[in-house]
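Residue strings, one per chain:
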Amino acid sequence: MIVMQMNGLVKRFGAETILENIKLEIKTNDRIAIVGRNGAGKSTLLKIMAGELSHDEGEIHRPKDVSLGYLSQHTGLETEETIYNEMLTVFEDLMQEERVLRQMEAKMGDPAILSDETSYQQLLAQYDQRQVDFKERGGYRYQSDIRSVLHGMRFYEDDFETAINTLSGGQKTRLALAKLLLQKPDLLILDEPTNHLDIETLTWLEGFLSSYSGAVVIVSHDRYFLDKIVNIVYEISRKHSKKYYGNYTKFLDQKALDYEQELKQFEKQQTEIKKLEDFVQKNLVRASTTKRAQSRRKQLEKMDRLDTPQGDEKKASFSFDVARRSGNDVLKLHELSFRYPDGDEDVFHHVSFEVNRGDRIALVGSNGVGKTTLLKILIGQLQQTNGEIEYGAKLDLGYYDQEQANLNSHKTVLNELWDDHPMMNEKDVRTILGNFLFSGDDVLKSVSLLSGGEKARVSLAKLMLKKANVLILDEPTNHLDLDSKEILEAALLYYPGTLIFVSHDRYFINEIATKVVEQSQTGAEVYLGDYDYYLEKQAEMKELDALNQHTQITTTAEVKHSFASAKQKKQDERKKQRHIEEIEQMIERYEEDIEANDQLLCEPDVFQDHERALELTEATHQLKAKIEQLMEEWESLHEEE
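From a predicted model like this one, the values you see are computed outputs, not experimental measurements.

A. Quick look at the overall build of the chain. What the chain contains, in helices and strands, is 21 helices and 18 strands. Here the chain has a C-alpha radius of gyration of 33 Å; the compact-globule value for 641 residues is 26 Å, and the former is much larger. Each of the three principal axes of the chain carries a C-alpha extent, and together these read 120 × 105 × 60 Å. A buried classification covers 42% of the 641 residues belonging to the chain. Put simply, 68% of the contacts in the chain that link residues at least 6 apart link residues at least 24 apart. On the chain, roughly 34600 Å² of surface is accessible, and the fraction owed to carbon and sulfur atoms is 47%.

B. Region of the structure containing the pairing of strand S15 (residues 470-474). Within S15, five of the five residues are buried, leaving the element largely enclosed by the surrounding structure. Neither face of S15 is left uncovered, since the one carrying Val-470, Ile-472 and Asp-474 and the one carrying Leu-471 and Leu-473 both have all their residues buried. As defined by bridge partners, strand S14 (residues 397-400) adjoins S15 across four bridges and the pair is classed as parallel. Within S15, the residue paired with Tyr-399 across the bridge is Ile-472. The sheet contact formed by S15 and strand S16 (residues 498-502) spans five bridges and is parallel. When the bridges of S16 are listed, Val-470 appears paired with Thr-498.

C. Structural context of the domain arrangement of the chain. Domain parsing of the chain yields domain 1 (1-78 + 168-246), domain 2 (81-162), domain 3 (253-302), domain 4 (325-396 + 467-555), domain 5 (407-466) and domain 6 (571-640). Put simply, the middle of domain 2 and the middle of domain 3, counted by C-alpha atoms, are 74 Å apart.

D. Structural context of unusual backbone geometry. Despite not being glycine, Asn-29 has its phi angle at roughly 75°, a positive value. One can find Asn-29 in the loop between strand S2 (16-27) and strand S3 (31-35). Of note, Lys-394 is a non-glycine position whose phi angle comes to about 60°, a positive value. Within the secondary structure, Lys-394 is located in the loop between strand S13 (386-391) and S14.

E. Representation of the layout of surface pockets within the structure. Roughly 830 Å³ of internal volume is contained in the second largest pocket. Around the second largest pocket sit 31 residues that line it, and Glu-235, Ser-237, Arg-238, Lys-255 and Gln-310 are the ones nearest its centre. Mapped by element, the contributors of at least two residues to the lining of the second largest pocket are strand S8 (232-237), strand S9 (240-245), helix H10 (248-283) and helix H16 (482-493). Top contributing element to the lining of the second largest pocket by residue count: H10, with eight residues. Along the lines of polarity and charge, the residues of the lining of the second largest pocket split into ten nonpolar, seven polar and 14 charged.

Conventions and cut-offs
Starting from 1, residues in each chain are numbered consecutively following that chain's sequence as written. Residue-level local features of this predicted model are given only where pLDDT is at least 70; pairs of side-chain atoms are given and counted only at 80 or more, and the full residue set underlies all totals for whole chains, interfaces and linings. With hydrogens and water set aside, each side-chain value is computed from the structure's full complement of heavy atoms. The helix and strand labels rest on DSSP assignments: H or I over at least four residues marks a helix, E over at least two residues marks a strand, and numbering proceeds from the N terminus. C-alpha atoms define the radius of gyration, and 2.2 Å times the number of residues to the power 0.38 defines the globule rule. Per-residue accessibility, obtained with a 1.4 Å probe over protein chains only, is compared with the maximum for each type, and a residue is labelled buried under 20%, exposed over 50%, and partly exposed between these values. What makes two residues a contact is simply this: any of their non-hydrogen atoms within 4.5 Å. Per-residue and other accessible areas were derived by the Shrake-Rupley procedure at a 1.4 Å probe size, with only the shown protein chains allowed to occlude residues. Between any two strands, pairing holds if DSSP finds at least two bridges. Domain segmentation is taken from an automatic or database assignment of domains. Note on definitions: the grid is 1 Å and covers protein atoms alone; a cavity is a set of points where a 1.4 Å probe fits but cannot get out; a pocket is an open set with protein on both sides within 12 Å along at least five of seven lines; lining residues have an atom within 4 Å of a point. Grid points are joined across faces, edges and corners, and a volume is the space filled by probe spheres set on the points. Residue classes follow a fixed rule: Ala, Val, Leu, Ile, Met, Phe, Trp, Tyr, Cys and Pro count as nonpolar, while Asp, Glu, Lys and Arg count as charged, and any other residue, Gly among them, counts as polar.

Next comes the structure, spelled out in C-alpha cells:
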C-alpha cells in the first residue's frame, strides 16, 4: 500500500529554489533514508511531508486514513506532567474503554441484571465483544509497552514520577521520541533521531524500528544506524532527488557505479560526435560525398546529447599535522574522581588508564557518566576531586568542544581564524577557509549566523592551524554531514599525533580507534582494539555471564568442563596475543631510547664528558640486554602457536 507519494514537488524561499522536481514514493514497511549535504533541503522536505511547510509546485498524495508522526531535530516535550502520565495520554481511548469494561463488570453483579436472564445475556455478549476489541487494540499490554519504550530510552521506574519540565533538553527530546514511538503511526518521519542518544539506546532504537509495523522515513548522519535500518535511499543533490535501493553502504557503491557508467556513456558519445563532426567538415564541400555528409549532419542534429555527468559536490579538504613530536608517555590517569561542588555523589570515580604516543582512544559509555567532564579535566577546564594526572613531555593539547564555546559569536569567520594567527596574510587565511567550504563573502559572515555544521567546520579549521600533538575531541562528528565525516575520518587516520575522543558515532569509532575505553560511574575498562573488537568482548562477557548462570543449574560436569575449557583456551590465546603486542611496543620504545642515546653520544658536550658518556653507554647496554630478553620471550610465545 502506498502511504505517500510526491510528484514534481518544488519549494522556494523567496527567489531561491531549495527543492526542484522531487519525486518520492513511500509504501507500508519501507525504511527510507533521505541523505544529502548540510543545506541540501532534507529537513525542509520532511517538514513538507509532515504538513508543517507548504510547497510551491507539484503534488502530494496521502490516503485520508493514513496516520503520520513527525519528530523534528529540536523537538522536546514541554509539559508539567510526569514522565509516565505523559506517556499514558497516548492511550487515552484505551483507558476510557477500560473504564467502560469495569463499569460493565460491576453491572454483571447487579441483582436486578442477574434476575433478568435476557438483559444479563445481552450485557455478557456486549462485554465479550468489547473485551475482544480491547485486547486486539493492545488494551492489556499498553502499560508494558510504555515501560518497554521508556526503558529503551533509558528512563526507569525511579524516573517515572519525575516532572518533565525539570529535565534537560536532551532528555525531553528522548521523551518526545518515546511518545511518538508509542503512538505507532502508519508513517513515522524522524529528523536526526539519533541526536542525544548513547550507543546502548541507539542499538535498542535500531531493533525497534527494524520490526516497526509501519513505514519509516529518516534523516540521519549515523552510518551504522542507516546501514542497519534502511532499504531505500533518496539522495537530495543539486535540488533534485534520486532513488537507490539498499542500505547506505549499497547506496555509496551504486552511486559510484552509476557515475562511472554515465561517464563512459558520455565519453563514448563525445567520441562519436567528434567523428561525425570531422566527417561533415571534411566531406560537405565535396560533390562525391556531400550527401553522406548531410546525412551525418542530420544524424548529429537528431542525436539526444547526454549532459556531462555531475560527480560529487565540492567537499571540504584538510589534514592535521603537529608542530613537534611528543614524548612516548602522553598521559597517565590514576584513580581519578570528580564531584561538582554542590553534588551529593561523584560523577565518576576510580578512573585509571594510560595514553601513549600514537594512541587513538575512543571514550564510550552511557550518557551521564562524565565523558565530557573527563575531557575538560584533561585540558584543565575542570579540576578533579581526587586522583592524579601525569602529563608527558612536550605536549601541545588541542581541544574540540561539541558546544562550540570556543567561538566568538561577534566575530566574522575570517577574523575568528585571523585573530589567532595575525602573522598570516589574508590570502592564506581565505585559502584555508576555502578548504573548509567558506568561499567569497562567506568568510565575512558573522559566526552567530552560522549553522551547526558551519560552526563545526570553523572549529576544525582553528584546530588544524594549532598543530597540536594531542587532539582531544568531544563529539567531533556532531553537526557534520556524511561527506564531511568521511573527510574528518581521513584527516584523523593520517594524523601523526595522539587522539582522545568522545563519540556516539559507531562507524567513526570503528574507523579511527585503536583502543576503546568504556567509562562508567565506577571506573574505566580498556579494550585494545576498535569498536567491533569492543562489541565482541561485550558479547563474550554476556556469554560468560550466561555460562556462569547455566553452570549453577546444570548437573553435567563434563559439559561444564568442555565449555569452560574452550572458553579458557580462547581467553588464553587472546591474552597471549595482547602480551606479544605489549612486548613489541616495549622493544620499539627501547630501540628509540637507544637511538636517542647514540645521538647524544655524538654531541661534543657529551662525548667529552667522560662520566656522562659512560652513563649513556651503560644505559644503552642495559637497554640492549632488555631487548634481547624480550626477543627471547617473543620467539617463545610464537613457537607455542
